[in-house]
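Each chain, written out:
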Amino acid sequence: MNVLECKGVKKSYKRGVLVLNNFNLSLPAGKIVGLLGPNGCGKSTLIKLIAGILQPNEGEIRVCGEPIGEATRAIVSYLPERTYFNSWMRVDELVSYFAEFYRDFDSARAYSLLSTLGINPSDRLKTLSKGTKEKVQLILVMSRRARLYLLDEPIAGVDPAAREYILSTIVSNYDPNATVVITTHLITDVEPVLDDFVFLSRDGKIFAQGSVEVARMETGKSLDELFREVFKHV
């Protein structure tokens, strides 16, 4: 069984303009997948549909065979593009909140990752830099033992020196039976941890998808170079 199945998904906003148009996608377990495309192609919309924040106009989305709903929210861990926590909260209060709210949350793992990245659990969010806040949010999301992780621009606000370290210690340390979907504009930074890629076009459909390693071997180009070539006129 695939972790994710999207069949005939359509989503439109104002004036009936389709963001996703008859969208179909299947993702197996045990993969880190880059969901990539130009601005406005529907990446964040798709992530929100899978997370159950938005509803499709047509089509079906299933996670581990379950339709989007209470059952999938229990096995999907979602990282939004923007930090949504209250700034007055301490980091350890957030850990307790997640532990109380999610059955699959691993507090020991969260504290271990906080320690590894040098983040003081007693600090309040309002005292932290934007990049450190994003690290905290990513740690909390990846400390769940979920089946599907949805990460929308997870390292956009993190300084370049820390990106590789964060990806290798957090994103690569996930349950081998789970799947991680990452949307990002920082393809060069994320490429080393990706197994597969999905290129979305502006018409709300998949332009290309496959193995990152196979794409590099067949084209002689990095995924970032291939992306720039494919979307150079967009």
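What comes next concerns the included structure. (Residues numbered from 1 in each chain as written. Predicted model: local features only at pLDDT ≥ 70, side-chain atom pairs only at ≥ 80, totals over all residues. Heavy atoms only, no water.)

## A short note on the packing of aromatic side chains
Moving on, step 1. Scanning the entire structure with this criterion turns up eleven aromatic pairs.
Moving on, step 2. Measuring from ring centre to ring centre gives 5.6 Å for F98 and F105, while their planes differ by 55 degrees; the resulting arrangement is tilted.
Moving on, step 3. Using a relative accessible area of 3% as the deciding quantity, one classes F98 as buried.
Moving on, step 4. On the accessibility criterion, F105 (9% relative accessible area) is buried.
Moving on, step 5. Summarising the aromatic geometry, the rings of F207 and F231 are spaced 6.1 Å apart at their centres and angled 50 degrees between planes, so their arrangement reads as tilted. Of this pair, F207 sits in strand 10 (residues 206–211) while F231 sits in the segment after helix 9 (223–230); the two residues are 24 residues apart in sequence, bridging distant segments of the chain.
Moving on, step 6. What makes F231 buried here is its relative accessible area of 10%.
Moving on, step 7. One aromatic cluster is present, formed by F85, Y97, F98, F101, Y102 and F105 through successive ring pairs. (Phe/Tyr/Trp six-rings, centres within 6.5 Å; stacked < 30°, edge-to-face > 60°. Buried < 20%, exposed > 50% of the residue type's maximum accessible area, 1.4 Å probe, protein only. Helix = DSSP H or I, 4+ residues; strand = E, 2+ residues; numbered from the N terminus.)

## Some details on the side chain of T183
Moving on, step 1. By the secondary structure assignment, T183 is in strand 8 (residues 179–183).
Moving on, step 2. Within the structure, T183 has its side chain in polar contact with the side chain of D152 (distance 2.5 Å).
Moving on, step 3. Aside from chain neighbours lying at most four places away, what touches T183 is L35, K43, I47, L151, D152, E153 and P154. (Polar contact = N/O pair within 3.5 Å; in protein donor to acceptor, adjacent residues only side chain to side chain. Contact = heavy atoms within 4.5 Å.)

## Some words on the sheet that holds strand 10
Moving on, step 1. Taken in spatial order, the six strands of this open sheet run 6-7-8-3-9-10, and their pairing is mixed. The open sheet has two edge strands, strand 6 (76–79) and strand 10, and neither has a second partner. Sheet twist, expressed as the average angle between the axes of neighbouring strands with direction ignored, equals 15 degrees.
Moving on, step 2. Running over the sheet, helix 1 (residues 43–51) touches strand 3 (32–36), strand 6, strand 7 (148–152), strand 8 and strand 9 (196–200) and is turned about 145 degrees from strand 7.
Moving on, step 3. The strands touched by helix 8 (residues 212–219) are strand 9 and strand 10; relative to strand 10, the strand with the most contacts, the crossing angle is about 100 degrees. (Pairing = 2+ DSSP bridges. Axes fitted to C-alpha atoms, helices over the stretch in contact; angles between N-to-C directions.)

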